[in-house]
Amino acid sequence: MIIAVVQIPMSPRPREAAIAAQTKSAPTYRALAAKGLLRKDYLNGEKGGGGVYYWTSREAAEAWYTPEWRKKAKETFGAEPIVTYYDTYVTVDNVSGETIVRKE
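What this report covers is the structure whose coordinates are included nearby. None of these values were measured; they are calculated from a predicted model.

1. A few points about the overall build of the chain
Reasoning step 1: Secondary structure assignment for the chain yields three helices and six strands.
Reasoning step 2: Reading the chain from its N terminus to its C terminus gives the helix and strand order β-α-β-β-α-α-β-β-β.
Reasoning step 3: In terms of its C-alpha atoms, the chain occupies a principal-axis envelope of roughly 40 × 30 × 25 Å.
Reasoning step 4: Burial analysis of the chain (104 residues in total) assigns 28% to the buried set.
Reasoning step 5: Long-range pairs, those at least 24 residues apart, make up 56% of the contacts in the chain with a sequence separation of at least 6.
Reasoning step 6: Of the roughly 7,200 Å² of accessible surface on the chain, 54% is carried by carbon and sulfur atoms.

Now the structure itself:
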């Protein structure tokens, strides 16, 4: 599994505005399940917005973050997105009460 952190330098949005925008775009990301997106958490904070994406592989993530995607993000938010990839081997899941170690 790969985690991609996308940061978009922009002013933080008020809570209700962030929720409205995020729920509006949620169907786009729900449709990516078949393309390897496991989960997305939206971000909104002092340094801007973005998301934390959980992908099945780096290849699946890179297939989404295309030059066209970057162009659209810049047009939408007025700033170039920054994408950082992380391998994740171990997850502590306090909801399910387990520690998950990935073999691959």
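2. Regarding the pairing of strand S1 (residues 2–8)
Reasoning step 1: Of all the seven residues making up S1, six are buried; the element is thus mostly covered by neighbouring parts of the structure.
Reasoning step 2: Two strands pair when backbone bridges link them, and S1 and strand S3 (residues 48–55) are joined in this way by seven bridges, in the antiparallel orientation. Looking at the pairing, Ile3 lines up with Tyr54 of S3.
Reasoning step 3: Two strands pair when backbone bridges link them, and S1 and strand S4 (residues 82–87) are joined in this way by six bridges, in the antiparallel orientation. Directly across from Ile2, in S4, lies its bridge partner Asp87.

3. Remarks on the layout of surface pockets
Reasoning step 1: Approximately 580 Å³ is the volume found for the largest pocket.
Reasoning step 2: As for the largest pocket, its lining consists of 25 residues, and the residues nearest its centre are Ser25, Tyr29, Lys40, Thr76 and Phe77.
Reasoning step 3: Taken together, the elements giving at least two residues each to the lining of the largest pocket come down to S1, helix H1 (15–30), strand S2 (37–45), S3 and helix H3 (67–77).
Reasoning step 4: Class assignment for the residues of the lining of the largest pocket results in twelve nonpolar, eight polar and five charged.

4. Points about the side chain of Thr88
Reasoning step 1: Among the secondary structure elements, Thr88 is positioned in the loop between S4 and strand S5 (90–93).
Reasoning step 2: Apart from residues lying up to four places away in sequence, Thr88 is in contact with Met1, Ile3 and Arg102.

Each value, and the rule that gives it
- Residues numbered from 1 in each chain as written.
- Predicted model: local features only at pLDDT ≥ 70, side-chain atom pairs only at ≥ 80, totals over all residues.
- Heavy atoms only, no water.
- Helix = DSSP H or I, 4+ residues; strand = E, 2+ residues; numbered from the N terminus.
- Buried < 20%, exposed > 50% of the residue type's maximum accessible area, 1.4 Å probe, protein only.
- Contact = heavy atoms within 4.5 Å.
- Areas by Shrake-Rupley, 256 points an atom, 1.4 Å probe, with all protein chains shown as cover.
- Pairing = 2+ DSSP bridges.
- 1 Å grid on protein atoms, 1.4 Å probe; cavity = no way out; pocket = protein on both sides within 12 Å on 5 of 7 lines; lining within 4 Å.
- Points joined across faces, edges and corners; volume = space filled by probe spheres on them.
- Nonpolar A, V, L, I, M, F, W, Y, C, P; charged D, E, K, R; others polar.

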